[in-house]
Amino acid sequence: MQFSLFIYLILAIYIIFSKNKNLSILGCILFGIFIFVSRDINAAPDSKHYLNFFVKDIHELGSSKTFQFYKYGLENILFFPGIISYHFTTAIPFLAISYISIRSKIILPIFFFVSSEAFAVLSFNAMRQGIAISFFILIIYFYKYILNLEFFKNKSRIELIFILALSLSASLHSTLFGLILLILGIITLNYFSELLIDFFKKLKISKKSFLIIFSALSFSL
């Protein structure tokens, strides 16, 4: 534990003072790999349940059908042995955040992830949530890039695929429904706010009057 803390402090000091983002990201990845290699496989309380799920096919966690299909794909399509499937699954959140950091050349996502409790929780103790959130983050991250593809110029088509992708990630774990509802709420709020702004523009109301009306409505809500 003390050795791990010592390595982390060296990494943190280097990242704070270094201007080389590539080496900083590489340092975070190496630190993450060190944690994966040095950890006790049974340290997290739920680790044994996931080990049983992948190695012995015991469903103690009430796994979703999507998670069972995911396991089937690893074992019967990619031909991963059960223990390899387990280790690969623990690494998915780490790989997802690392990929975003590398692609964006931004150190903060991977640094804060390896520094936070989320690293241990989502990777080792709540793997199903970790996979679901990883897919969710990647879907949100790639949304703006997908919009630029010729196939997705049809707005209704991209919205349908976006909703289906989010639903697939939510089917891995129900906690994601809260995040999806939040996104839908923001989209709905944005839609109605645009309608409200257009309405006031058509009325040609002054900015001062608009501010008074908006403040009164906000206060009443």
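Whatever comes next refers back to the structure up there.
A. Inspection of the overall build of the chain at higher detail. The secondary structure content of the chain amounts to 11 helices and 0 strands. Ordered by position from N to C terminus, the α and β elements of the chain give α-α-α-α-α-α-α-α-α-α-α. The buried share of the chain, taken over its 221 residues, is 34%. Within the chain, contacts between residues separated by at least 24 positions form 62% of all contacts whose residues are at least 6 apart in sequence.

B. Main features of unusual backbone geometry. Located in the positive-phi region is phenylalanine 79, a residue other than glycine, with phi close to 60°. Assignment of secondary structure puts phenylalanine 79 in the loop between helix H4 (65–76) and helix H5 (82–104). A relative accessible area of 64% means that phenylalanine 79 is categorised as exposed. With phi around 55°, lysine 105 is a residue other than glycine that occupies positive phi space. Assignment of secondary structure puts lysine 105 in the loop between H5 and helix H6 (108–115).

C. Inspection of the packing of aromatic side chains at higher detail. Considering all chains together, one arrives at 18 aromatic pairs under this definition. Ring geometry for phenylalanine 36 against phenylalanine 119: centres 5.7 Å apart, planes inclined by 65°, an arrangement best described as edge-to-face. A residue pair is termed long-range when its members are at least 10 positions apart, and phenylalanine 36 in helix H2 (residues 21–38) and phenylalanine 119 in helix H7 (residues 117–125) qualify at 83 residues. Across this residue pair, the class does not change: phenylalanine 36 and phenylalanine 119 are buried. Taken together, a centroid distance of 5.8 Å and an interplanar angle of 70° make the contact between phenylalanine 80 and phenylalanine 88 edge-to-face. Cluster of aromatic residues (ring-pair linked, three or more members): Tyr8, Phe31, Phe34, Phe111 and Phe112. Stacked on the ring of phenylalanine 53, the Lys or Arg lysine 71 has its end atom at 4.8 Å from the ring centre.

Definitions and cut-offs
Residues numbered from 1 in each chain as written. Predicted model: local features only at pLDDT ≥ 70, side-chain atom pairs only at ≥ 80, totals over all residues. Heavy atoms only, no water. Helix = DSSP H or I, 4+ residues; strand = E, 2+ residues; numbered from the N terminus. Buried < 20%, exposed > 50% of the residue type's maximum accessible area, 1.4 Å probe, protein only. Contact = heavy atoms within 4.5 Å. Phe/Tyr/Trp six-rings, centres within 6.5 Å; stacked < 30°, edge-to-face > 60°. Lys NZ or Arg CZ within 6 Å of the ring centre and 35° of its normal.

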